[in-house]
Amino acid sequence: MKVILVWYRNDLRVHDHPALSTATADADHVVPVFIFKDSLLHGPHSSANRNRFLLECLTDLKQSLQAKGADLVSRQGDAADELIALAKASGATGVYYTADYSPGAIKRDKAVQAALRKEAIEFRSFPGRLIVSNHDKLRTKAGNVHKVFTPFWKNWLQIQRRQLATNPQKLSLPTGVSVGKIPELSTVASDSVLSPYVLPGGETVGRRRLRKFLEGDIKQYKDESNFMAKDSTSRLSAYLHFGCLSALEIETMLPSTVGAQAWGRQLAWRDFYHYILLNFPANTTTEFQERFRALTWSSNEIYLQAWKDGQTGYPIVDAAMRQLRQEGWMHNRARLIVGSFLTKDLWLDWRLGETHFMNLLIDGDEANNNGNWQWIASVGVDPAPVFRRLYNPSSQQTNYDPDGAYVRKYVPELAHVLNKHIPAPWLMTADEQANSDCILGKDYPMPIVDHKQARLDTLDKFRATAPKQ
Ligand SMILES: Cc1cc2nc3c(=O)[nH]c(=O)nc-3n(C[C@H](O)[C@H](O)[C@H](O)COP(=O)(O)OP(=O)(O)OC[C@H]3O[C@@H](n4cnc5c(N)ncnc54)[C@H](O)[C@@H]3O)c2cc1C
């Protein structure tokens, strides 16, 4: 009787799951297991809304596995200890898992591998997190690691994809395995911090959302994805982060339309940032571009709090920051605007923004978050001159929320302000403020910084890092 454990982490699905599929083919019994480490639910980056999303993913996965005749075994504690104990209790000779590319996960997996080896338990990794996992094929013509997105993408498009894994129809646990319990939501998040506007987690609901998107909004993705009020992007990021959906399976479902091509390119960005963090793990703490490590960022608490609270006096920034708090999610264009504002207008350290996002986003993902924060702070890979990623919040408002619908949704203080004043409400006269029920400094803040001056200061600071001739 051969028994294999399938160690679930951020691959919470049954479709296109190579580790599960191979374990089913190799063994008589498969034991799917998820291990709760204390820091996962209670650590410095744990977020109530993301915890709830995770528990919903696990409950859904448990039901899918039960429907196939097995179950999801839950354990709490150190991964190596729990895997060894479960292997002994179930008679398992191997542990199969989906490879994860973040520095912390790689370190953990190496430690688990060493511990399992001592017990003669096989520890075998499988692809499944990304579309292209054979990273050695992703190289520049000179054989180096890519640092610029477009050449990476062209190379990535050419790589042969693996076959999708079959979804096992029947599974069975060996007898005598105690299944354990998924923690109750109330033990990991109090009602007071849970938002009713956050998407529900799980493979089932993720696949439903995916199908709806493929039949609808993807058609206009190229033209509409930057308009925040349209809300026409997929909102699949959290399902991808937790692995409820396989990015590769999604790629096989894409129609050959302009919208689908543009959307597929976004999935390549996801692969790109995972590839970058794998190759440059020090990016988690330092700027990728050495030249910019000399920048002395500020940590001004008052500015930081105003940014977090959506009280900067720039409506588009404030709307975005309040969306993040309410929904545990923010539109990509909005992420770019608030990222530019934090780093280039407030001159706050990009790591402060990265941490705040990680604490609130349900899609909070180390590789995507770090890569994008470095990108918008102009210190990371895929470089461009700083002025190209230094956005004027008022122009962004005019271009991407022309009728102010996004701002009004999240900043009710501006509900009656005329469209023409939304990009720069501080220019309203006293009469205009009174007529729109919005007295500046009372109902809504004056801008905390002057964008024009902040822009000049930032350009100077970046210029000062240039090597002396
Ligand atoms: C400062 C900043 C921080 C970010 N932090 C995260 C994060 O923690 N987690 C995260 O998943 N995304 C992050 N992003 C990328 C992007 O904003 C989100 O993936 C996207 O908004 C999610 O919405 P969606 O699923 O509707 O995206 P869609 O537009 O429908 O895109 C489809 C999928 O492609 C991927 N994708 C899209 N844009 C990017 C991108 N720029 N980089 C990497 N992958 C991308 C995501 O998996 C997304 O779900 C960040 C962007 C910025 C500017």
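Structure shown above.
In this text, all values refer to a predicted model and were calculated from it rather than measured experimentally.

**Student:** I keep staring at empty space enclosed by the protein and nothing clicks. Help me out?
**Tutor:** Empty pockets left among the atoms are what a rolling probe the size of a water molecule brings to light. In this structure the tally under the stated criterion is one cavity of 30 Å³ or more. Estimates place the volume of the largest cavity at around 30 Å³. What lines the largest cavity is simply Asn-10, Asp-11, Arg-13, Gly-128, Arg-129, Leu-240, Gly-243, Leu-245 and Arg-270. Per-class residue counts for the lining of the largest cavity are two nonpolar, three polar and four charged.

**Student:** Help me out: how do you make sense of the nonpolar core in this one?
**Tutor:** Grouped burial of nonpolar side chains is what soluble globular proteins tend to show. Counting residues in hydrophobic clusters, the biggest one holds 140 residues, and the most contacted among them are Trp-7, Tyr-8 and Trp-307. If you tally residues by element for this core, the top one is helix H11 (residues 258-279), at ten residues. Sequence-distant contacts of Trp-7, that is, excluding residues within four places in its chain, are made with Val-33, Ile-35, Ala-79, Leu-83, Val-95, Tyr-96, Tyr-97, Arg-108, Asp-109, Val-112 and Phe-123.

**Student:** Looking at this structure, how should I read the site of the ligand?
**Tutor:** In the vicinity of the ligand lie 27 residues, with Tyr-221, Thr-233, Ser-234, Arg-235 and Asn-332 positioned nearest. Between the ligand and Trp-263, the relevant distance is 2.8 Å, taken from an oxygen atom to a side-chain nitrogen or oxygen of the residue. Note that a nitrogen atom of the ligand is positioned 3.0 Å from one of the side-chain N or O atoms of Asn-372. Against a free-state accessible area of 810 Å², the protein chains account for coverage of 98% of the ligand. Going through the elements one at a time, helix H9 (237-241), H11, helix H14 (332-345) and helix H16 (366-376) are the ones with two or more residues in the shell around the ligand. With six residues, the single largest contributor to the shell around the ligand is H11. Here the shell around the ligand is composed, by residue class, of 13 nonpolar, nine polar and five charged.

**Student:** Help me understand the pairing of strand E2 (residues 29-36), please; the structure alone is not making it clear to me.
**Tutor:** As a general feature of sheets, a regular strand has side chains that alternate between the two faces. In terms of burial, E2 is largely enclosed, as eight of its eight residues are buried. Residues His-29, Val-31, Val-33 and Ile-35 line one face of E2 and the alternating positions Val-30, Pro-32, Phe-34 and Phe-36 line the opposite face, and both faces are buried. Pairing analysis gives six bridges linking strand E1 (residues 3-8) to E2, with the strands arranged parallel. Following the sheet pairing, Val-6 is matched in E2 by Pro-32. The parallel pair E1 and E2, bridged by helix H1 (residues 18-26), forms a crossover whose chirality is right-handed. When E2 meets strand E3 (residues 73-76), the two strands line up parallel, connected through four bridges. What sits directly across from Phe-34, in E3, is Ser-74.

Calculation rules
- Residues numbered from 1 in each chain as written.
- Predicted model: local features only at pLDDT ≥ 70, side-chain atom pairs only at ≥ 80, totals over all residues.
- Heavy atoms only, no water.
- 1 Å grid on protein atoms, 1.4 Å probe; cavity = no way out; pocket = protein on both sides within 12 Å on 5 of 7 lines; lining within 4 Å.
- Points joined across faces, edges and corners; volume = space filled by probe spheres on them.
- Nonpolar A, V, L, I, M, F, W, Y, C, P; charged D, E, K, R; others polar.
- Core = buried A, V, L, I, M, F, W, Y, C linked by side-chain atoms within 4.5 Å.
- Buried < 20%, exposed > 50% of the residue type's maximum accessible area, 1.4 Å probe, protein only.
- Helix = DSSP H or I, 4+ residues; strand = E, 2+ residues; numbered from the N terminus.
- Contact = heavy atoms within 4.5 Å.
- Near = heavy atom within 4 Å.
- Polar contact = N/O pair within 3.5 Å; in protein donor to acceptor, adjacent residues only side chain to side chain.
- Areas by Shrake-Rupley, 256 points an atom, 1.4 Å probe, with all protein chains shown as cover.
- Pairing = 2+ DSSP bridges.
- Right-handed = clockwise from strand over helix to strand, strands pointing away.

Worth remembering: the numbers are spatial, not functional.
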